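A structural walkthrough
The chain contents come next:
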Amino acid sequence: MNRLIKKVNVLVEALPYIRTFAGKTVVIKYGGKGPVLHFNYRTRYNDVWERPDLQKRYGYTATYRKDDQPSASLPLLPAGGGA
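As the structure is a prediction and not an experimental result, all values here were calculated from the model.

So, about the overall build of the protein chain. Along the backbone of the protein chain there are two helices and two strands. Sequence-ordered secondary structure for the protein chain, helices as α and strands as β, is α-β-α-β. Burial status across the protein chain gives 8% buried among its 83 residues. In the protein chain, the proportion of contacts linking residues at least 24 apart, taken out of those at least 6 apart, comes to 41%. Carbon and sulfur atoms make up 61% of the accessible area of the protein chain, which totals about 8,200 Å².

Below is the structure:
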């Protein structure tokens, strides 16, 4: 019964947020691995994401580039989206 009450409370809390998507198509991922955070380098500001307690609580993993690996980069397009 306690589990059911917890589930109902989560849904009641989420209803106002869910209503903002009324009439829209929404894709919900269920199952599988959680998100993976990729960092090009480690700093004292992004190091916190590697904490096991946070990873377990929020269901993600964090990876940091090794020195011998190439870094990730994204090409930037000019304003207006032209190539």
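Turning next to the pattern of salt bridges. Any two side chains of opposite charge can pair, given that their charged atoms come close. Per the counting criterion, the structure on display carries three salt bridges. The salt bridge partner of Asp53 is Arg51, with a shortest N-O separation of 2.6 Å. Through salt bridges with shared partners, a single ionic network connects Arg42, Asp47 and Glu50.

Let's shift gears to the packing of aromatic side chains. Taken as a whole, this structure holds two aromatic pairs when the rule is applied. Consider the rings of Phe39 and Tyr64, whose centres lie 5.1 Å apart with planes at 15°: the pair is stacked. Of this pair, Phe39 sits in strand E1 (residues 36-39) while Tyr64 sits in strand E2 (residues 61-64), and the two are 25 residues apart along the sequence. No difference in accessibility class separates Phe39 from Tyr64, as the two residues are buried. A centroid spacing of 5.8 Å and a plane angle of 70° characterise the contact between Trp49 and Tyr60, whose relative ring orientation is edge-to-face. Placement of the pair is Trp49 in the loop between E1 and helix H2 (52-58) and Tyr60 in the loop between H2 and E2, with a sequence separation of eleven residues. Given the relative accessible area of 37%, Trp49 is considered partly exposed. The ring of Tyr64 carries Arg42 above its face, with NZ or CZ at 3.8 Å from the centroid.

Once that is clear, we can look at a nonpolar patch on the surface. Taken together, the side chains of Met1, Leu4, Ile5, Val8 and Val12 present a nonpolar region at the surface, about 520 Å² in accessible area. As for its placement among the helices and strands, Met1 is situated in the segment before helix H1 (2-19). Assessed through its relative accessible area of 76%, Met1 is described here as exposed.

Cut-offs and rules
- Residues numbered from 1 in each chain as written.
- Predicted model: local features only at pLDDT ≥ 70, side-chain atom pairs only at ≥ 80, totals over all residues.
- Heavy atoms only, no water.
- Helix = DSSP H or I, 4+ residues; strand = E, 2+ residues; numbered from the N terminus.
- Buried < 20%, exposed > 50% of the residue type's maximum accessible area, 1.4 Å probe, protein only.
- Contact = heavy atoms within 4.5 Å.
- Areas by Shrake-Rupley, 256 points an atom, 1.4 Å probe, with all protein chains shown as cover.
- Salt bridge = Lys/Arg side-chain N within 4 Å of Asp/Glu carboxyl O.
- Phe/Tyr/Trp six-rings, centres within 6.5 Å; stacked < 30°, edge-to-face > 60°.
- Lys NZ or Arg CZ within 6 Å of the ring centre and 35° of its normal.
- Patch = residues over 30% accessible without salt bridge, like charges linked within 9 Å, V, L, I, M, F, W, Y side chains within 5 Å.

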